[in-house]
Amino acid sequence: MIGRSIPRVEDAALLTGEAEFADDVPLPSDAGHACFVRSPWPHADIVGVDAGEALAMDGVHAVLTGPGAAAWSDPLLVGVRAPVEHRCLATDRVRYAGEPVAVVVACDRYAAEDAAERVRVEYAPRPAVVDPEEALGEAAPVLHEALGSNLVHERSFCYGEPEAAFRDAAHRIAVDVRYPRNVCTPIEGIVVTAAWLPGDGVFEVQSNFQGPYSLHPVMARALRVPGSRLRLRAARNSGGSFGVKQSAFVDIVALALAARAAGRPVRWTQDRMENLCAATAATNRVVRLEAAVERDGTVRALRYDQVDDCGAYLRAPEPATLYRMHGLMTGGYDVEHLAIRNRVALTNKTPTGLNRGFGGPQVYFALETLMRRVAEELHLDPLEVIRRNLVPSGAIPYRAAAGARYDSGDFPALLKRTVAEGGLDELLARRHAARNEGRLYGIGYAAIVETSISNMGYITALLAPEIRARAGPKDGAVATATVSLDPGGAVTVTAASAPQGQGHRTVLAQVVAAVLGLAPQEVVVNLEHDTQTQGWSIASGNYSSRFAGAVAGAAHRAALRVRDRLAAVAARGLNARPDRLVFAAGSIRSADNPGNAIALARVAGLFHWSPSSLPEGMEPGLRVTEMWSPPALAPPDPDDRVNGAGAYAFVFDFCGVELDPDTARVRIDRYVTGHDSGVRLHPAMVDGQIRGAFAQGVGAALYEELRYDAGGTFLAATLADYPIPTACEVPAPIIVHHDIPSTVTPLGAKGVGEGVSMSTPVCIANAVADALGTGEVLTLPLLPARLAPYVTAARARRRTGPGGGARERS
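Presented here is a report on the structure given in the accompanying data block. (Residues numbered from 1 in each chain as written. Predicted model: local features only at pLDDT ≥ 70, side-chain atom pairs only at ≥ 80, totals over all residues. Heavy atoms only, no water.)

Side note on the overall build of the protein
- A tally of regular secondary structure across the protein gives 21 helices and 28 strands.
- In terms of overall dimensions, the protein is globule-like: its C-alpha atoms have a radius of gyration of 28 Å, near the 28 Å expected for 810 residues.
- Taken along its principal axes, the extent of the C-alpha atoms in the protein is 90 × 75 × 55 Å.
- For the protein, the proportion of its 810 residues judged to be buried stands at 62%.
- For the protein, contacts bridging at least 24 residues in sequence account for 80% of all contacts bridging at least 6.
- A total of about 29000 Å² of accessible surface is found on the protein, and carbon and sulfur atoms cover 51% of it.
- Charged side chains of the protein number 80 positive and 89 negative; the gap between the two group centres comes to 4 Å. (Helix = DSSP H or I, 4+ residues; strand = E, 2+ residues; numbered from the N terminus. Rg over C-alpha atoms; globule rule 2.2 N^0.38 Å. Buried < 20%, exposed > 50% of the residue type's maximum accessible area, 1.4 Å probe, protein only. Contact = heavy atoms within 4.5 Å. Areas by Shrake-Rupley, 256 points an atom, 1.4 Å probe, with all protein chains shown as cover. Lys, Arg positive; Asp, Glu negative; His and termini not counted. Charge placed at Lys NZ, Arg CZ, Asp CG, Glu CD.)

Structure, rendered in structure tokens:
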């Protein structure tokens, strides 16, 4: 079963409209509906809040304001030790447009919306700052006076001897890059249903929150209850997330308090404007990246100076965007010497958080732009520069300069296969012909390493080693799955995976069925996780491409333990050794005497109906919970090296693009992406994840930007102002596979859901730069208005002489 693209068990309900999403779950008759009152100002003091008129309206049950919430709750934990207080509702000041100031609870959403308009909030506007470099200037308005500036975090790192490498280098080549702020847009927004049970002192919450469950203790602490008194249940289905629904933890705290204030359950369903302006975003980043380069294009050292814009508050798990990729800042390249300076700035923008790729697009946009510039500066073929610097074949297992441990893979072999199967020679010929006709055609490349199964300790690299030592070790990525058989032999699987539409139920059914010799339809998978009744850890959830490697692996291990127990009992009845038993077609039979068989259901029944029949010392019942963590994950070492993930997958992309000479619009002619996904548990789903990540990469490259004006006004609050690509704008990529199983994960699987979202923006940008013959660093998204001056200049050059661009491969 493993490795087959069987039909998804989720699809029948989805396609017939019978699937139940979080907003479909029936509510008690007395439940209320919530609406947030949000600040229109990016930076202002709250002079006063008058809810009297709203409370007097029919059907209004309660209005919870910042001071009211503060009386029952504590600030949310921030990602670093800094005097930056973040509450679920603003109390004395708002720091971004869209920050919640109050929650109205009414009999229905219409009444709540009407009442929210009657909550009178008086503001005293303050100057705002939205550019991270300006925010670090002495003249910038300070968001948090207790901090004293807008610099909330700074650390520098040194690996190897970068200063000597730069001193001795033949060339020093640098790029200055600004990666824009963008966000994924799931078709379904956040939904939270919260209730307060005063008799038990328990908050009960159902939500499409995706994790990580490390935020569960953050929520419980803010609500002033132990974790056992915050019951968090997952929705049966979720209409996508891509990281964004991680931000629900702030809303959960606010709505739990609103339920307490109203004395009834409360539901809130996020609308699109809230999703865009007030949920979360990927960090925008300013980077200066410099390379020490030999004459043949070999990169000896890299030096990063990075400033992340995390918005108005450093909201957990930030500044994780800056540190998730820390162990592999050299990417797929064999670079021994590395220097990094990290800074985090606060600005009057929405706080940032998880977003597909989470730190990868920012890192690789700088690194792969730099590799293109190396080729241009030295008049080399850009593909040859990539080849020359890759971790060589046979060098893996390999430890990157900052600590990432690549356990498997062959980067040059994947590149070679992708070039051959993707038809690069044909694309080069097409470019040559187009340029002879005076057309603007270019080819771009990107080589990246995709991380999966994040080490929960990577974020502690932001702390100095002595502070980490005092705080105690943090590491691992525990995944949890349970396999149980009832008295009739029916199989049920649960896991703490919080799926958002990927098909987790199908794959878990495949994996467990394969172990127990059943058909996948004979395995029932329930992923409506409940923190009070099922196993979980702080690493639980749906993020960092951890499902195939960790969660499915944990389910596989649990199923193996169940099979071992069944085999031990069946062996006695079959007069055979347990290791000589075969599980197939719902039976257990001897490999040496296939006619000697017993029904799996009959053996399972003995664990329930006749414990005395079990071997001595074997526990009755047939339920196994497996908690697995990659053994290679450890805290950062005293030299600040950290292996930030359990598995690593290499991705190599190339593409051809053409620019319209009149409109400056970019057309993707061909996009080829090569992947090492390890063992592909369900190949069709793997390709689906690649296509989805590619679509979002196209959006980041060509369309999407969360724009603010200089005063902090948000300018992208609708999909008319924040255009996302549709099927008409996203061509079908050519997908090439060159798989080498992971030696770390139980099934050999690696993450696949994020890689091409990291590589696509810079691959397209490099192709556009090649088409334009410019050595400048282009700014994303590549809007026609931004490209028009380059197009004009390129056309003028080509009228007067040979075009620019990197030298074509011979």
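What follows continues from the structure just given.
Looking at the pairing of strand β15 (residues 337-345)
- Here β15 lies mainly inside the structure; eight of its nine residues are buried.
- Of the pairings in the sheet, the one linking strand β7 (residues 151-159) to β15 comprises eight bridges and is antiparallel in character. Looking at β15, one finds that C158 is bridged to A339.
- Bridge analysis of strand β14 (residues 299-309) against β15 gives nine bridges, and the strand direction is parallel. Looking at β15, one finds that D305 is bridged to R341. (Pairing = 2+ DSSP bridges.)

What about helix α9 (residues 272-279)?
- Of all eight residues that make up α9, six are buried, and the element is covered over most of its length.
- All buried positions along α9 are accounted for by E274, N275, L276, C277, A278 and A279.
- Tucked into the core, α9 has its buried residues touching β1 (32-38), α4 (109-116) and β12 (266-269).
- At the N-terminal boundary of α9, the capping side chain belongs to D271, with an oxygen 3.2 Å from the backbone nitrogen of M273. (Polar contact = N/O pair within 3.5 Å; in protein donor to acceptor, adjacent residues only side chain to side chain.)

Quick look at the packing of helix α11 (residues 360-378) against helix α12 (residues 382-389)
- Contact geometry of α11 with α12 gives a least axis separation of 8 Å together with a crossing angle of 115°. Regarding the angle of α11 to α12, the classification is roughly perpendicular. Read as a crossing pair, α11 and α12 show a hand that is right-handed. Residue-level contacts link E368, M371, V374 and A375 of α11 to P382, V385, I386 and N389 of α12. (Axes fitted to C-alpha atoms, helices over the stretch in contact; angles between N-to-C directions. Parallel < 35°, antiparallel > 145°, perpendicular 65-115°, else oblique. Left-handed = near helix turned anticlockwise from the far one by under 90°.)

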